[in-house]
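As a plain string of letters, each chain reads:
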Amino acid sequence: MDNFTFCAPTKILFGRNTIPAIAPQITAHGVQRLLVVFGGGSVRRNGVYDSITNALREAGIAWEEFWGVKPNPSLEQVNAGIVRARAFEAQGVLAVGGGSVIDCGKAIAAGVFLDDYWAFVETRKPVEQALPVFAVLTLSGTSSEMNEKAVITNEPEAKKWSISGLCLAPKVSVIDPQVQAELPWKLTATGGIDAMTHVMENYFRGRPANPESGFFREETQLQINEALLRSIVASLNELQANPASHDARANLAWAACWGLNGMTVAGLSGGDWTSHALEHALSGLFPHIPHGEGLAVLFPSWMEEVHSFAPDIFARFARNVWGIQYDSKDAVSVLAAAREGIAATRNAFSGWGAPKDLSHWGVTAEHVPVMVRNAFSYRALGRLVPLNGEQVTRIFTRVL
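Small disclaimer: the values here were computed from a predicted structure and weren't measured.

Looking at the packing of aromatic side chains
The relation between two aromatic rings is expressed through the spacing of the ring centres and the mutual angle of the planes.
Phase 1 of the analysis: Following the criterion strictly, the structure yields 16 aromatic pairs and no others.
Phase 2 of the analysis: Arranged with centres 6.5 Å apart and planes meeting at 85°, the rings of Phe317 and Trp322 form a pair that is edge-to-face.
Phase 3 of the analysis: Note on Phe317: relative accessible area 0%, which makes it buried.
Phase 4 of the analysis: Residue Trp322 is classed as partly exposed on the basis of its relative accessible area, which comes to 22%.
Phase 5 of the analysis: Among the aromatic residues, ring-to-ring pairing joins Tyr203, Phe204, Phe299, Trp302, Phe314, Phe317 and Trp322 into one connected group.
Phase 6 of the analysis: Stacked on the ring of Tyr49, the Lys or Arg Arg44 has its end atom at 4.4 Å from the ring centre.
Phase 7 of the analysis: The ring centre of Phe216 lies 4.9 Å from the NZ or CZ of Arg316, which sits over that ring.

Okay, here's the thing in structure tokens:
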């Protein structure tokens, strides 16, 4: 295994009826004036809004509400939130929603201390100062409730870029799976797919230590990641058949939370993250594309492009996640299993209702050069396999 540092400072309150407990946690951090960031109106319908505001009122916390954060939150929304937070003299930010809302809340919390939010993003430096962030999760998938990252889209420049810094990790997050019970299946499925791809971005950096025995250098970490992937698959299958299953909802929420909180990358060389860079190029140009759905199309295409360069880890994925058997001492069998694993992944995503190609959103061949250029502007592509422009073009073109 590679050397690594693991730090997960967020306190998690998990389970039924835990939302009101966020208020005393906020006051314990010395926060008495709060910007509360929301998405749409679903929190009014499912009781989350009343639960939160009643708890804040009882705790004596003053708050200002900032509504309307959309999927793939925009720089425009972040800047508007920064203005509101400063005007209210907010001492902290409470984000109530899914990953987009929490990311927007984090960006606002950092932006209060910046002269120009996007100019700072362009520096690629870690965030060193932010208002304390708290979160109440209403849609699982991104793990933003337990990590130090925030992804925001600069729509005029078609750039979907992130900031990170330990100060952005929420101080306390509440995960009550029951509030997700009435989510549309599409949102549940795309959240689960997003969570899977977080684990997979890290997983495929696994390296055989002893091909004869099948032991990998990161054996412990790979087994943890495989367990998370199998749990997400099983939970999604159960929820597709039985949307009211609280146990499946709870297990999906917990697995998704761990998918990108720093644990799944331990010892795995920082992960690959090419597919996320490609999806950011896609939804940066087309902000209406849900992040999880974009990944459902692009990730298997990336797998097709690179699996032959590292067939052992892809074959292991096929066996330990999808149950595909092979002879580890036969190179032909290994490669065939790797390909079967890719097909199984694509079939699972489409079986959960994700689109199969980019044309679903009106993406055409004329958009590919722009997406390729934007993907490379984000960073160099490919840690598992360094990619050139021709390869990235194939990844996009394969799924038009």
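Text resumes after the structure shown.
Re a nonpolar patch on the surface
Phase 1 of the analysis: Together, Met1, Phe4 and Phe6 make up an exposed nonpolar region whose accessible area comes to about 310 Å².
Phase 2 of the analysis: Inspection of the secondary structure assignment puts Phe6 in the segment before strand 1 (11-14).
Phase 3 of the analysis: On the accessibility criterion, Phe6 (40% relative accessible area) is partly exposed.

Details of the environment of Cys7
Phase 1 of the analysis: Structurally, Cys7 can be placed in the segment before strand 1.
Phase 2 of the analysis: It is 8.5 Å that separates the C-alpha atoms of Cys7 and Met263, two residues lying 256 residues apart in sequence.
Phase 3 of the analysis: If sequence neighbours within four positions are ignored, Cys7 has contacts with Leu166 and Asn261.

Observations regarding the sheet that holds strand 2 (residues 33-38)
Phase 1 of the analysis: With respect to topology, 6 strands assemble into an open sheet ordered 1-8-5-4-2-3, the strand pairing being parallel. The sheet is open, and its two edges are formed by strand 1 and strand 3 (62-66), each paired on a single side. Across the sheet, the mean angle from the axis of one strand to that of its neighbour is 20°, orientation sign disregarded.
Phase 2 of the analysis: The strands touched by helix 5 (residues 99-111) within the sheet are strand 2, strand 3, strand 4 (92-97) and strand 5 (133-137), with strand 4 carrying the most contacts at an inclination of about 165°.
Phase 3 of the analysis: Packed onto the sheet, helix 9 (residues 246-259) meets strand 1 and strand 8 (172-175) and runs at close to 170° relative to strand 1.

Looking at the state of the cysteines
Phase 1 of the analysis: According to the stated counting rule, one finds 0 disulfides in the structure shown.
Phase 2 of the analysis: Among the cysteines around Cys104, which has no disulfide bond, Cys167 carries the closest sulfur, lying 16 Å off.
Phase 3 of the analysis: Residue Cys104 is classed as buried on the basis of its relative accessible area of 0%.
Phase 4 of the analysis: Residue Cys167 stays outside any disulfide, its sulfur separated by 12 Å from that of Cys7, the closest cysteine.

Description of the pairing of strand 5
Phase 1 of the analysis: The buried count for strand 5 comes to 5 of 5 residues, which makes it a mostly enclosed element.
Phase 2 of the analysis: Burial along strand 5 is two-sided: the face carrying Val133, Ala135 and Leu137 and the face carrying Phe134 and Val136 are both buried.
Phase 3 of the analysis: One ladder, built from 5 bridges, connects strand 4 with strand 5; its direction is parallel. Residue Leu94 lies in a different strand from strand 5, and its bridge partner there is Phe134.
Phase 4 of the analysis: Bridge count between strand 5 and strand 8: 4 bridges; the pairing is parallel. Residue Leu137 lies in a different strand from strand 8, and its bridge partner there is Ile175.

Considerations on unusual backbone geometry
Phase 1 of the analysis: Even without being a glycine, Ser143 presents a positive backbone phi close to 65°.
Phase 2 of the analysis: Despite not being glycine, Ser269 shows a phi value in the positive range, around 60°.
Phase 3 of the analysis: Topologically, Ser269 is positioned in the loop between helix 9 and helix 10 (274-285).
Phase 4 of the analysis: Overall, Ser269 belongs to the partly exposed group, its relative accessible area being 27%.

Remarks on the packing of helix 7 (residues 185-203) against helix 12 (residues 311-322)
Phase 1 of the analysis: Put simply, helix 7 and helix 12 touch, their axes get as near as 12 Å, and they point 140° apart. With respect to helix 12, the axis of helix 7 lies oblique. Note on packing geometry: the crossing formed by helix 7 with helix 12 is right-handed. On helix 12, the residues that touch Met196, Met200 and Tyr203 of helix 7 are Ile313, Arg316, Phe317 and Trp322.
Phase 2 of the analysis: Per-class residue counts for the contact of helix 7 with helix 12 are 6 nonpolar, no polar and 1 charged.

A closer look at the pattern of salt bridges
Phase 1 of the analysis: The final tally for this structure, using the stated rule, is 16 salt bridges.
Phase 2 of the analysis: A salt bridge links Arg207 to Glu218; the nearest nitrogen and oxygen atoms lie 2.7 Å apart. Note that Arg207 is positioned in the loop between helix 7 and strand 9 (208-210) and Glu218 in the loop between strand 10 (215-216) and helix 8 (219-241), a separation of 11 residues in sequence.
Phase 3 of the analysis: One salt-bridge network, in which partners are shared between bridges, spans Glu304, Glu305, Arg346, Glu390, Arg394 and Arg398.

Looking at helix 9
Phase 1 of the analysis: Over its 14 residues, helix 9 extends 20 Å from the first C-alpha to the last, a length consistent with the 20 Å expected when each residue adds 1.5 Å.
Phase 2 of the analysis: Across the 14 residues of helix 9, 10 count as buried, placing the element largely inside the fold.
Phase 3 of the analysis: Listing the buried residues of helix 9 in full gives His246, Ala248, Arg249, Ala250, Leu252, Ala253, Ala255, Ala256, Cys257 and Gly259.

Looking at the environment of Pro24
Phase 1 of the analysis: Tracing the backbone through its elements, the reader meets Pro24 in helix 1 (residues 22-28).
Phase 2 of the analysis: Residue Pro24 is classed as partly exposed on the basis of its relative accessible area, which comes to 45%.
Phase 3 of the analysis: Sequence separation between Pro24 and Ser359 is 335 residues; the distance between their C-alpha atoms is 48 Å.

Criteria and thresholds
- Residues numbered from 1 in each chain as written.
- Predicted model: local features only at pLDDT ≥ 70, side-chain atom pairs only at ≥ 80, totals over all residues.
- Heavy atoms only, no water.
- Phe/Tyr/Trp six-rings, centres within 6.5 Å; stacked < 30°, edge-to-face > 60°.
- Buried < 20%, exposed > 50% of the residue type's maximum accessible area, 1.4 Å probe, protein only.
- Lys NZ or Arg CZ within 6 Å of the ring centre and 35° of its normal.
- Patch = residues over 30% accessible without salt bridge, like charges linked within 9 Å, V, L, I, M, F, W, Y side chains within 5 Å.
- Areas by Shrake-Rupley, 256 points an atom, 1.4 Å probe, with all protein chains shown as cover.
- Salt bridge = Lys/Arg side-chain N within 4 Å of Asp/Glu carboxyl O.
- Helix = DSSP H or I, 4+ residues; strand = E, 2+ residues; numbered from the N terminus.
- Contact = heavy atoms within 4.5 Å.
- Pairing = 2+ DSSP bridges.
- Axes fitted to C-alpha atoms, helices over the stretch in contact; angles between N-to-C directions.
- Disulfide = S-S within 2.5 Å.
- Parallel < 35°, antiparallel > 145°, perpendicular 65-115°, else oblique.
- Left-handed = near helix turned anticlockwise from the far one by under 90°.
- Nonpolar A, V, L, I, M, F, W, Y, C, P; charged D, E, K, R; others polar.
- Expected span 1.5 Å × (residues − 1).

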